[in-house]
Amino acid sequence: MMENNWQYHARYALKGANQSNDFFKTKAFKDQTFPIKIPLEFAQLIDKNNKNDPLLKQVISAKVLSKSANFSLSPLEDEKYSPVAGLIHKYPNRVLLIASQVCAIHCQYCFRQNFNYTEHDAISNWNEVQNYIINNIKINEVILSGGDPLSLSGDKLSVLIDNIANIAHIKTLRIHTRSAVVTPNRITNKLSDILNQSRLNVVMVLHTNHAQELSAQFAQKITKLSGITLLNQSVLLKGVNDSIEELTELCLKLFDLGIFPYYLHMLDKVQGAQDFLVKDDYAIQLHQQLKNNLSGYLVPRLVRDNGNHSKDWLL
Ligand code: SF4
């Protein structure tokens, strides 16, 4: 029983180089600024005999420690667009809330790995966040991000969503999460009830980069959320998913599970993630091939967040 509890899994994730090296029988993990964290459910999907395993590559210490041109600590400069702590407002109709500073997994390419979470917590600063949204009636959608909003307990998440639903001009709640994929036990009956019972239109945007992440357990659990809109965003990552075969398989497998591919993001240039960079020309070529392989509604949009008020559409 305990083993199926998502909080149990969160507590016993692999943390740091020693635990990870022991588990994978390697010496490749190193402790560094962005600490290693790998949930066991994700670790068990990795082929321990394959040092190029696409899941392993996302969590292993691959940092190039020397600074590289155009790679910065905070490539999207989120803080510049934060009128009140815990809230980011880049587009007129929607705001993003930093709902949690915790993630189930630490992805080594993460653009928010240096984000100042302690100063940006939408829950502890709720009164200011609420007043800002109430006073901006053009806002009709609230996005929960982090960190990962599903690292909040069911009770905390429920209170937050109720508070958002109490603001009359908010119509849509969007939840950005990687937890649901890397720790499928997080998809509980309680989560399903909270989302299905809200008056808001609920959209969940999952973060999956490779078909190998979509385990049998995830396939079973995600059926609990069949009543809400499910989308997926991926990051195009060198050595992880930069082949037409892998991207096609991911899109098809997502669709089998009732999830639509939404965005394929170019890497945000955060310091240390240089090894993951896919060049624009090759990305555009891959995307063109995807269009040939898949029906239009299964082709994710190839985008780059340009760090200000918009995304660049690469195609
Ligand atoms: S789960 Fe998302 S926010 Fe957390 S480390 Fe991975 S990419 Fe970053």
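Residues numbered from 1 in each chain as written. Predicted model: local features only at pLDDT ≥ 70, side-chain atom pairs only at ≥ 80, totals over all residues. Heavy atoms only, no water.

Some remarks on the pairing of strand 3 (residues 87-91)
With five of five residues buried, strand 3 lies mostly within the body of the structure. In this sheet, strand 4 (residues 94-98) lies alongside strand 3 in antiparallel orientation, the contact comprising three bridges. Bridging from a neighbouring strand, Tyr-91 pairs with Arg-94 of strand 4. Turn length for the strand 3-strand 4 hairpin, with the two strands adjacent in sequence and antiparallel, is two residues. (Buried < 20%, exposed > 50% of the residue type's maximum accessible area, 1.4 Å probe, protein only. Helix = DSSP H or I, 4+ residues; strand = E, 2+ residues; numbered from the N terminus. Pairing = 2+ DSSP bridges.)

Considering the packing of helix 10 (residues 244-256) against helix 11 (residues 280-293)
Remark: helix 10 packs on helix 11, axes separated minimally by 10 Å, with the N-to-C direction vectors making an angle of 50°. Considered as vectors, helix 10 and helix 11 are oriented oblique to each other. As helix 10 runs across helix 11, the sense of the crossing is right-handed. Here Ile-244, Leu-247 and Thr-248 of helix 10 come into contact with helix 11, specifically with Leu-286, Gln-289, Leu-290 and Asn-293. (Axes fitted to C-alpha atoms, helices over the stretch in contact; angles between N-to-C directions. Parallel < 35°, antiparallel > 145°, perpendicular 65-115°, else oblique. Left-handed = near helix turned anticlockwise from the far one by under 90°. Contact = heavy atoms within 4.5 Å.)

Observations regarding the layout of surface pockets
By volume, the largest pocket amounts to about 970 Å³. Sorting the residues of the lining of the largest pocket by element identifies strand 3, strand 4, strand 5 (141-145), strand 6 (172-177), strand 7 (201-207), strand 8 (229-235), strand 9 (260-265) and strand 11 (311-313) as the ones contributing at least two each. It is strand 3 that contributes the most residues to the lining of the largest pocket, four residues altogether. The residue inventory of the lining of the largest pocket, partitioned by class, reads 22 nonpolar, twelve polar and ten charged. If you add up the space inside the second largest pocket, you get close to 250 Å³. The wall of the second largest pocket is formed by 16 residues, among which Ala-28, Lys-51, Leu-56, Lys-57 and Ile-60 lie closest to the centre. Considered class by class, the residues forming the lining of the second largest pocket number seven nonpolar, three polar and six charged. (1 Å grid on protein atoms, 1.4 Å probe; cavity = no way out; pocket = protein on both sides within 12 Å on 5 of 7 lines; lining within 4 Å. Points joined across faces, edges and corners; volume = space filled by probe spheres on them. Nonpolar A, V, L, I, M, F, W, Y, C, P; charged D, E, K, R; others polar.)

Observations regarding the nonpolar core
Among the nonpolar cores identified, the biggest contains 44 residues, and Leu-97, Ile-133, Leu-144, Ile-164, Leu-195, Phe-218 and Ile-222 are the most heavily contacted of them. It is helix 6 (residues 154-165) that contributes the most residues to this core, five residues altogether. When sequence neighbours within four positions are dropped, the list of residues in contact with Ile-133 reads Leu-87, Val-95, Ile-139, Val-142, Ile-167, His-169 and Ile-170. Core analysis: the second largest hydrophobic core is formed by 26 residues, Phe-42, Ile-60, Val-235 and Ala-273 among them. (Core = buried A, V, L, I, M, F, W, Y, C linked by side-chain atoms within 4.5 Å.)

Comments concerning the packing of helix 6 against helix 8 (residues 189-197)
Helix 8 packs onto helix 6 with a crossing angle of 5° between their chain directions and a minimal axis gap of 10 Å. Between helix 6 and helix 8, the angle falls in the class roughly parallel. Here Gly-154, Asp-155, Leu-157, Ser-158 and Ile-161 of helix 6 lie close against helix 8, whose contacting residues are Lys-190, Leu-191, Ile-194 and Leu-195. Looking at side-chain class alone, the contact of helix 6 with helix 8 contains five nonpolar, two polar and two charged residues.

Some points on the site of the ligand
Every residue near the ligand is listed here: Phe-34, Cys-103, Ile-105, Cys-107, Cys-110, Gly-147, Arg-178 and His-207. Judged by its atoms lying within 2 Å of the grid points, the ligand is housed in the largest pocket. In the shell around the ligand, the residues fall into five nonpolar, two polar and one charged. (Near = heavy atom within 4 Å. Sits in = over half its atoms within 2 Å of the grid points.)

Points about the pattern of salt bridges
The tally for this structure, following the rule as stated, stands at four salt bridges. With its nearest N and O atoms 2.7 Å apart, the salt bridge here joins Arg-174 to Glu-141. Placement of Arg-174 in strand 6 and of Glu-141 in strand 5 is noted, with a sequence separation of 33 residues between them. For Arg-174, a relative accessible area of 11% translates into the label buried. You can call Glu-141 buried: its relative accessible area is 12%. We note a salt bridge from Asp-280 to Arg-304, for which the minimum N-O separation is 3.0 Å. Residue Asp-280 is located in helix 11, and its partner Arg-304 is located in strand 10 (residues 301-305); the two are separated by 24 residues in the primary sequence. Since its relative accessible area comes to 25%, Arg-304 is described here as partly exposed. (Salt bridge = Lys/Arg side-chain N within 4 Å of Asp/Glu carboxyl O.)

Concerning the packing of aromatic side chains
Overall, the coordinates contain eight aromatic pairs when judged by the stated rule. Judged by centre distance (4.9 Å) and plane angle (75°), the ring pair of Phe-23 and Phe-24 falls under edge-to-face. Among the aromatic side chains, those forming a connected cluster through ring pairs are Phe-23, Phe-24 and Phe-29. Over the ring of Phe-23 we find Lys-48; its NZ or CZ atom is 4.2 Å from the centre of that ring. Here the basic side chain of Arg-186 rests over the ring of Trp-6, its NZ or CZ set 4.1 Å away from the ring centre. (Phe/Tyr/Trp six-rings, centres within 6.5 Å; stacked < 30°, edge-to-face > 60°. Lys NZ or Arg CZ within 6 Å of the ring centre and 35° of its normal.)

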